[in-house]
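# Architecture and fold: a report
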Amino acid sequence: GGGAGVSAAATGAAASGAAADLGTAIGGASTGGTATGAAAAAAGAAATGAAATSGASDAMWYGASIEFGCLLAPSKAFTLRPSIGLHYMNVAFDAYREYGPSAVQYPGIRQDMLQSIVALQGSWSFTTPWGWPALFDLRYGWRQNLADTDDEITVFFVGRPDLPMTVHSGGYSRGGQTVGLGLRAAAGKMTTLGLGYDYETAAGRVRHTITGNVRLSW
């Protein structure tokens, strides 16, 4: 058997993917992308009565992933799913310029990243009080950067272009661990509901991610 689906993340990004169940082996691939706009305002100036500094920038990203794994069933109610995969992402930020006191400016930034992903997921099946078949997931994963971009970017104050500063863009943390929880339920023959939480920790960062989805199949 096999299937294809479309899902929407909380950020409004759209992703499409397809996966095939080959008995105890599983393979899958997905792609996605989005364009966003963001505005930033410097806080603290209002406390002193000074004018605020603000700026805006647009960004666009796309990515693709491929994953292979297998399903192990120690019991009827519990399954284990070890998997390995690759994830590629490209992010492009337009040039950024602020307006107001102490405004800064820097050129556009483009980043590429390739990661390897090793994961293990355990799933317990049960029936909800209203009769829906459901799964509770517990997962652990490790991401390791295989290649990324580390560029030097020149930043300067708009009022003092003769005093540039050099900063690094990219050089993202080379590895990170993720622990997650998830709940999936079949709300009828065609609809599946999902809710998940992931906690990621790595050198220099901690990230919390909450995801929700509704999948329709026919």
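Residues numbered from 1 in each chain as written. Predicted model: local features only at pLDDT ≥ 70, side-chain atom pairs only at ≥ 80, totals over all residues. Heavy atoms only, no water.

## Brief notes about the overall build of the protein
We count it as follows: Secondary structure follows DSSP: runs of H or I at least 4 residues long count as helices, runs of E at least 2 residues long count as strands, and numbering of each begins at the N terminus. Partly exposed residues are those whose accessible area sits between 20% and 50% of the maximum for their type, while under 20% is buried and over 50% is exposed, using a 1.4 Å probe and protein chains only. Contacts are assigned to residue pairs with any non-hydrogen atoms lying within 4.5 Å of each other. The protein chains shown are the only cover counted for residues, whose accessible areas, like all others here, come from Shrake-Rupley with a 1.4 Å probe.
The number of helices and strands found in the protein is zero helices and 14 strands. Counting over 218 residues, the protein shows a buried share of 24%. Considering only contacts within the protein whose residues lie at least 6 apart along the sequence, 53% involve residues at least 24 apart. For the protein, the accessible surface area stands at approximately 13600 Å², while carbon and sulfur atoms represent 65% of it.

## Considering the pairing of strand β14 (residues 205–216)
In regular strands, side chains alternate between the two faces of the sheet. Let me state the cut-off plainly: Two strands qualify as a pair provided DSSP detects at least 2 bridges between them.
In this structure, strand β13 (residues 191–202) lies alongside β14, joined through 12 bridges in antiparallel fashion. Note that in β14 the partner of Leu193 across the bridge is Val214. From the end of β13 to the start of β14, which pair antiparallel, there are two residues, and Gly204 there has a positive phi angle of about 90°.

## Re the packing of aromatic side chains
Just so we agree on the cut-off: Stacked, tilted and edge-to-face pairs are distinguished by plane angle, under 30 degrees for stacked and over 60 for edge-to-face with tilted covering the rest, among Phe, Tyr and Trp rings (Trp via its six-membered ring) whose centres lie within 6.5 Å.
For the structure shown, the criterion picks out four aromatic pairs. Their ring planes at 55° and their centres at 6.2 Å tell us that Tyr62 and Tyr88 sit as a pair that is tilted. In this pair, Tyr62 is assigned in strand β4 (residues 54–70) and Tyr88 in strand β5 (residues 78–93), connecting sequence segments 26 residues apart. On the accessibility criterion, Tyr62 (41% relative accessible area) is partly exposed. Counting every residue linked through ring pairs, the aromatic cluster contains Phe78, Trp124 and Phe136.

## Quick word on the side chain of Asp198
Our working rule: Polar contact is defined as a pair of N or O atoms within 3.5 Å, subject to the rule that within protein one atom must be able to donate a hydrogen and the other to accept it, and that residues adjacent in sequence are counted only when both atoms are side-chain atoms.
Within the secondary structure, Asp198 sits in strand β13. A polar contact of 3.1 Å, which involves the side chain of Asp198, links it to the side chain of Arg139. Aside from chain neighbours lying at most four places away, what touches Asp198 is Arg139, Thr178, Val179, Gly180, Arg207, His208 and Thr209.

## Some points on the pattern of salt bridges
Spelled out, the test is: Only one rule defines a salt bridge in this text: a Lys or Arg side-chain nitrogen within 4 Å of an Asp or Glu carboxyl oxygen.
By the definition in use, this model includes five salt bridges. Across the pair Asp137 and Arg184 runs a salt bridge, and its minimum N-O distance is 2.8 Å. Placement of Asp137 in strand β9 (residues 133–148) and of Arg184 in strand β12 (residues 175–186) is noted, with a sequence separation of 47 residues between them. Note on Asp137: relative accessible area 3%, which makes it buried. Arg207 is paired through a salt bridge with Glu200; the nearest N and O atoms lie 2.8 Å apart. Residue class for Glu200 comes out buried when judged on its relative accessible area of 7%.

## Notes on the confidence of the model for the protein
Formally: pLDDT expresses how confident the predictor is about each individual residue, on a scale running from 0 to 100.
Overall, the predicted model of the protein reaches an average pLDDT of 78, with 80% of residues at or above 70. When the criterion is pLDDT under 50, residues 1–23 qualifies, and its contacts beyond four places in sequence or with other chains add up to 35 contacts. Here residues 43–48 is modelled with pLDDT under 50, and outside its nearest four sequence neighbours on either side it reaches three contacts, counting other chains as well.

## Some details on the nonpolar core
As a rule of thumb, soluble globular proteins bury nonpolar side chains together. The following threshold applies: In this description, a nonpolar core means a group of buried Ala, Val, Leu, Ile, Met, Phe, Trp, Tyr and Cys residues linked to one another through side-chain atoms lying within 4.5 Å.
Core analysis: the biggest nonpolar cluster contains five residues, these being Tyr96, Val104, Ile109, Ile153 and Val155. Dropping the residues within four chain positions of it, Val104 is found in contact with Tyr96, Arg97, Glu98, Val155, Phe156, Phe157 and Val158.

## Comments concerning the side chain of Gln121
Note on placement: Gln121 falls in strand β8 (residues 109–127). Setting aside residues no more than four positions away along its own chain, Gln121 makes contact with Thr79, Leu80, Arg81, Asp137, Leu138, Arg139 and Arg184.

## Some points on the environment of Pro82
Along the chain, Pro82 turns up in strand β5. Classification of Pro82 by relative accessible area gives partly exposed; the value is 27%. When the C-alpha positions of Pro82 and Cys70 are compared, they lie 6.1 Å apart, and in sequence the two are 12 residues distant. Not counting chain neighbours up to four residues away, the residues in contact with Pro82 comprise Gly69, Cys70, Leu72, Ala119 and Leu120.

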